[in-house]
Amino acid sequence: MVMVTGKVTVRLKEGVLDPQGQTIQRALQQMGYAGIDQVRAGKTFEFKLQADSPGAAKAQLKEMSEKLLANPVIETFHVEVVE
Amino acid sequence: MRIGVVTFPGSNCDYDAYAAFRHVVSCPVEFLWHADPDLHNVDCVVLPGGFSFGDYLRAGAIARFSPVMQSVIKFASDGGLVWGICNGFQVLTEAGLLPGTLRRNAHMRFACRQVHLRVENNRTPFTRGCRPGQILMMPIAHGEGNYYAAPEVLDELEHNGQVVFRYVNAQGEPDVRSNPNGSRHNIAGITNGQGNVLGMMPHPERAVESILGSADGLALFQSLIGVGVQAVGTEAPSASPLIEKRRARV
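Below is a summary of the structure that appears in this document. (Residues numbered from 1 in each chain as written. Chains lettered and ligands numbered in written order. Predicted model: local features only at pLDDT ≥ 70, side-chain atom pairs only at ≥ 80, totals over all residues.)

The secondary structure content of chain A amounts to two helices and three strands. In chain A, the succession of α and β elements from N to C terminus is β-α-β-α-β. Its C-alpha atoms give chain A principal-axis dimensions of roughly 50 × 25 × 15 Å. Taking all 83 residues of chain A together, the buried fraction comes to 18%. (Helix = DSSP H or I, 4+ residues; strand = E, 2+ residues; numbered from the N terminus. Buried ≥ 20, exposed ≤ 12 C-beta atoms within 10 Å, placed from the backbone.)

Here is the structure:
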């Protein structure tokens, strides 16, 4: 068994409107930050987990993302592991 | 007809639903507990409003994996009646019992006010006492009620008559101003393909007595338990085969 550090990033699919990102963008623009073309808000999950191998950990993170962490109707996810 | 109202940690409309059934329409009703997979042989499961599991991750995402929901998913697949209100609707989409999802309101604010709904389909167990196109007034109270589905899914819902309630103005027109949250096609409530699972964001259980501001929600409770169904409406809606089957069981 190895201890693996994993990170799952969940973001909205391309083309899905992001009112939260737009609100953040407007706030930043009001604060005086210029040149912001787009803000998209997402979520990051950090894991420490025991697994047989980094590959097995990645497979498990992927499965958990599909089942719980991301909503496939509107979101996509990306899994990274560091041994 | 016996009703089971599920209580999740964070449910806050479970007692309202219970009271509407027990005290307003005098229908046998009991609470079901999220950690207990036993549905106590009820005929209809109600998933109430609230903030199950604090709405952590996404509204309904955690509740969907609770022990009671595994039984509810099986119950619904076998044709059992399931009615999700507000957070209950969110739980149903997360569970895959209804298509699409409820996103954060487009204006990013919590929406809490009376709305008008148009009954788009009165051939469901939940609306069979309503007239086609009947306008009902009841409250909404949600931050994430913005119904979203892919265009092809929306087409299918419309084509199959699965859109049961639409947000409209007082004249019954589904315009932009009467859409409180940015829902696609002004959708306020949908059923699954078989018609035995209904999800809706508005709160009929908060509109069952005139002292509450409206008693229009009563029509849904009466439809479900079969009170006054034939008396209401210009044409008697034909009961679905599903209802006949469940009646035969009772």
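What follows concerns the sheet that holds strand 3 (residues 75-82) of chain A. Residues and elements named next belong to chain A. On the basis of which strands lie adjacent, the open sheet formed by three strands has the order 2-1-3 and antiparallel pairing. Of all the strands in the sheet, just strand 2 (42-51) and strand 3 have a single pairing partner and so form its edges. Across the sheet, the mean angle from the axis of one strand to that of its neighbour is 20°, orientation sign disregarded. One ladder, built from eight bridges, connects strand 1 (residues 2-12) with strand 3; its direction is antiparallel. By the bridge assignment, Arg-11 is partnered in strand 3 with Thr-76. Strand contacts of helix 2 (residues 54-69): strand 1, strand 2 and strand 3, with the helix running at about 155° to strand 3, the strand carrying the most contacts. (Pairing = 2+ DSSP bridges. Axes fitted to C-alpha atoms, helices over the stretch in contact; angles between N-to-C directions. Contact = placed C-beta atoms within 7 Å.)

Moving on: the pairing of strand 1 of chain A. Pairing between strand 1 of chain A and strand 2 of chain A: ten bridges, direction antiparallel. Opposite Val2(A), over in strand 2 of chain A, you have Ala51(A) as the bridge partner.

A separate point is the pairing of strand 9 (residues 163-168) of chain B. If a strand is regular, its side chains alternate between the two faces of the sheet. Residue and element names in this part refer to chain B. Among the six residues that make up strand 9, six are buried, leaving the element largely enclosed by the rest of the structure. Alignment of strand 6 (residues 111-119) against strand 9, held across four bridges, turns out to be antiparallel. Residue pairing for strand 9: Val-119 is matched across the bridge by Phe-165. Judged from the three bridges that link them, strand 9 and strand 10 (residues 187-191) form a sheet pairing that is antiparallel. By the bridge assignment, Phe-165 is partnered in strand 10 with Gly-189.

Residues and elements named next belong to chain B. Taken in spatial order, the nine strands make up an open sheet running 2-1-3-4-11-10-9-6-7, and their pairing is mixed. Of all strands in the sheet, those with a lone pairing partner are strand 2 (29-33) and strand 7 (135-142), marking the two edges. Neighbour to neighbour, the strand axes of the sheet diverge by 25° on average, direction disregarded. Strands in contact with helix 2 (residues 67-77) are strand 1 (3-7), strand 2, strand 3 (44-47), strand 4 (81-85) and strand 11 (197-200); relative to strand 4, the strand with the most contacts, it is inclined by about 125°.

Glancing now at unusual backbone geometry. Residue and element names in this part refer to chain B. Look at Asn-41: it is not a glycine, yet its phi comes out positive at around 55°. One can find Asn-41 in the loop between strand 2 and strand 3. Residues other than glycine seldom take positive phi values, yet Asn-186 does so here, at roughly 55°. One can find Asn-186 in the loop between strand 9 and strand 10. You can call Asn-186 buried: it has 23 C-beta atoms within 10 Å.

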